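# Overview (structure and organization)
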Amino acid sequence: MRYILITIASLALSLSSAVAQDVKNIIFLIGDGMGLASVSMMQLENRYAPTIFDQAENIALQKTYSANNRITDSAASGTALATGFKTNNTYLGTTADESVVESIMELAKGQGMATGVVVTTYLQHATPAAFYAHIPNRHEYLTITEQLIGSSLDVAIGGGMAYFKELYGEGIAERLATEGFKMATSLDEVKQTKDSDRVIALLGDYEVNNNAGAYLGNATQEALRILNNKSSNEGFVLMVEGSLIDGCGHGNNAEAQQVEMMGFMGAIEVAVEFAKQNPGTLVVVTGDHETGGLSLVSCDSDFCLSEQGVEYRWTTNGHSGTMIPIYLYGAGAERINGIMENSELGATLKAIIKR
Ligand SMILES: [Zn+2]
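Residue numbering note: each chain is counted from 1, following its sequence as written. Per-residue local features are limited, in this predicted model, to residues with pLDDT of at least 70; the limit for side-chain atom pairs, both in listing and counting, is 80 or more; totals at the level of whole chains, interfaces and linings are taken over all residues. Heavy atoms throughout the structure, all of them, feed into the side-chain values; hydrogens and water do not.

## Thoughts on the overall build of the chain
To qualify as a helix, a DSSP run of H or I must reach at least 4 residues; to qualify as a strand, a run of E must reach at least 2; elements of each kind are numbered from the N terminus. When you go through the chain residue by residue, the secondary structure sums to 13 helices and 14 strands. In this description the radius of gyration comes from C-alpha coordinates, and the expected globular size is given by 2.2 Å times residues to the power 0.38. Over its C-alpha trace the chain gives a radius of gyration of 21 Å, about what one expects of a compact globule, namely 20 Å for 355 residues. Taking the principal axes of its C-alpha atoms as reference, the chain extends roughly 70 × 55 × 40 Å. To sort residues, take the accessible area from a 1.4 Å probe on protein chains only and compare it with the maximum for the residue type: under 20% means buried, over 50% means exposed, and anything in between is partly exposed. Taken over 355 residues, the chain has a buried fraction of 54%.

Shown next, in the form of structure tokens:
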């Protein structure tokens, strides 16, 4: 008995030393409005062949309620994920009493790491803005645009050109240059930038001009190239948002949501492949909240019979309050476990990169 106990103890020790890898890079992928039903829909649509979600090395769950509402908006949940603090709906990068709180990007930059965001909506939208802006009203897009230009991000790829035009007219590139950014208006232009450049890519007036679905994976690939070259030994933090999953939930459109989910899954695949090639990379995939109250129900209430088809049924045009899954891959995947607050996930990621 004693021998078995010792063997188990030494096995546990060697296991823990084998898995306790240092985390150098974090790729944080957020599906806006992506709940468990959206993931389940993709598994069903894939005829239960393994999806990228099924390949997770660890999973956890997070509670999304905000400081002032049991149903969060993307500003409060984005702030919780980006900073580790719950706040009121519509608040970005501040607590409910409007105190500014540090985002994981600011912490990373202060330690010499490289940072970036890649989204399918405008860069001033709530989720990306939670990673660089500090303002209690998420709808002040011009101020948020100025905060983006003044931020320490190394790469930002998404839409939102309209707000830049409103502020700077024809002089956007010149204005960005004064803050040390190269402007790009296509992914090809991003590819041509030098490793030393900081890049803001504006690929649409509001949302990214993208009908093919491959955009998010390609943009993630480019951002990873830039950040990996730029960060040398210090590592990087990249946030990638599947932004438009949410709008399909608001519109109760399952087919459109499947297209957005495919794009998001393509980005996850790029991230997971990068993590395989680059040890020390943690990939975290989650949603900020669920949208639409999606459920997957039998078309026939007598499900003792053989299947009569499955229906995607929506219960609201707004957000819902269900817990959201977290999928983990790569270095440190074992360090995020159980049921947690969304803010706890944000705080844990900050703790993981803290040098
Ligand atoms: Zn929404």
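## Focus: the coordination of the zinc ion
Any nitrogen, oxygen or sulfur atom within 2.8 Å of a metal ion counts as a donor, with the limit raised to 3.2 Å for Na, K and Ca, and since water is left out, coordination shells can look unfinished. Taken together, Asp246 (OD), Asp246 (OD), His250 (NE2) and His319 (NE2) make up the protein donors of the zinc ion, found 2.1 to 2.3 Å from the metal. Irregular is the label for any site that misses the other tests, which are tetrahedral for four donors with all angles between 85 and 135 degrees, and square planar for four donors or octahedral for six when opposite donors exceed 155 degrees and the remaining angles lie between 65 and 115. Every donor counted, the four donor atoms about the zinc ion form angles of 56 to 155 degrees at the centre, which fits irregular coordination. Expressed as a motif, the donor residue spacing for the zinc ion is D-x3-H-x68-H. One end of the pair, aspartate 246, is in helix H11 (residues 245–250); the other, histidine 319, is in strand S12 (residues 319–320), and 73 residues separate them in sequence. You'll find aspartate 246 and histidine 319 in the same group, each marked buried.

## Digging into the pairing of strand S8 (residues 281–287)
Counting buried positions over the seven residues of S8 gives seven, a clear majority of the element. The alternating pattern of S8 places Thr281, Val283, Val285 and Gly287 and Leu282, Val284 and Thr286 on opposite faces, both of which are buried. Pairing analysis gives seven bridges linking strand S1 (residues 25–31) to S8, with the strands arranged parallel. By the bridge assignment for S8, isoleucine 26 is matched with leucine 282. The pairing of S8 with strand S13 (residues 324–330) spans five bridges and is classified as antiparallel. Of the residues in S13, the one forming a bridge with valine 285 is tyrosine 327. By this definition, two strands are paired if DSSP reports at least two bridges between them.

## Remarks on the environment of histidine 139
With respect to the element layout, histidine 139 can be found in the loop between helix H5 (126–130) and helix H6 (141–149). With 26 residues separating them along the chain, histidine 139 and methionine 113 place their C-alpha atoms 29 Å apart.

## Here's the deal with the packing of aromatic side chains
Between 30 and 60 degrees the pair is tilted, below 30 it is stacked and above 60 it is edge-to-face, where a pair is any two Phe, Tyr or Trp rings, Trp via its six-membered ring, whose centres lie within 6.5 Å. Under the counting rule described, the total for this entry stands at eight aromatic pairs. Ring centres 6.1 Å apart and planes at 75 degrees place the aromatic pair phenylalanine 28 and phenylalanine 131 in the edge-to-face group. Taken together, the residues span a long stretch of sequence, with phenylalanine 28 in strand S1 and phenylalanine 131 in the loop between H5 and H6 at a distance of 103 residues. Just as phenylalanine 28 is buried, phenylalanine 131 falls in that class too. Ring centres 5.1 Å apart and planes at 55 degrees place the aromatic pair phenylalanine 53 and tyrosine 327 in the tilted group. With phenylalanine 53 in the loop between helix H2 (36–45) and strand S2 (58–63) and tyrosine 327 in strand S13, this pair connects stretches of sequence that are 274 residues apart.

## Focus on the nonpolar core
In this structure, Phe131, Leu282 and Leu349 are the most contacted members of the largest nonpolar core, which totals 51 residues. Any pair of residues with heavy atoms lying within 4.5 Å of one another is described as a contacting pair. Filtering out sequence-adjacent residues up to four positions away, leucine 349 remains in contact with Ile26, Phe28, Ile104, Leu282, Val284 and Ile336. By nonpolar core we mean a set of buried residues, namely Ala, Val, Leu, Ile, Met, Phe, Trp, Tyr and Cys, connected to one another through side-chain atoms within 4.5 Å. In this structure, Ile27, Met42, Leu224 and Met265 belong to the second largest nonpolar core, which totals 43 residues.

## Quick notes on unusual backbone geometry
If you check the backbone angles, arginine 47 has positive phi at about 55 degrees while not being a glycine. Along the chain, the position of arginine 47 falls in the loop between H2 and S2. One non-glycine residue, threonine 90, lies in the positive phi region at around 80 degrees. Position of threonine 90 among the secondary structure elements: in the loop between helix H3 (74–83) and helix H4 (104–110). What makes threonine 90 partly exposed here is its relative accessible area of 26%.

## Quick notes on H6
One full turn of an α-helix is made of 3.6 residues, so residues set three or four places apart face in the same direction. Buried residues of H6: Tyr141, Ile144, Thr145, Leu148 and Ile149, and no others. The arc enclosing the buried residues of H6, seen along the axis, measures out at 145 degrees, which places them on a common side. Within this analysis, the arc is defined by the directions that extend from the helix axis to the C-beta atoms.

## Examining the confidence of the model for the chain
How sure the predictor is of each residue is captured by pLDDT, a score from 0 to 100. With 93% of its residues at a pLDDT of 70 or more, the chain shows a mean pLDDT of 93. Within the model, pLDDT remains below 50 along residues 6–19, and this stretch shows one contact once partners closer than five positions in the same chain are excluded.

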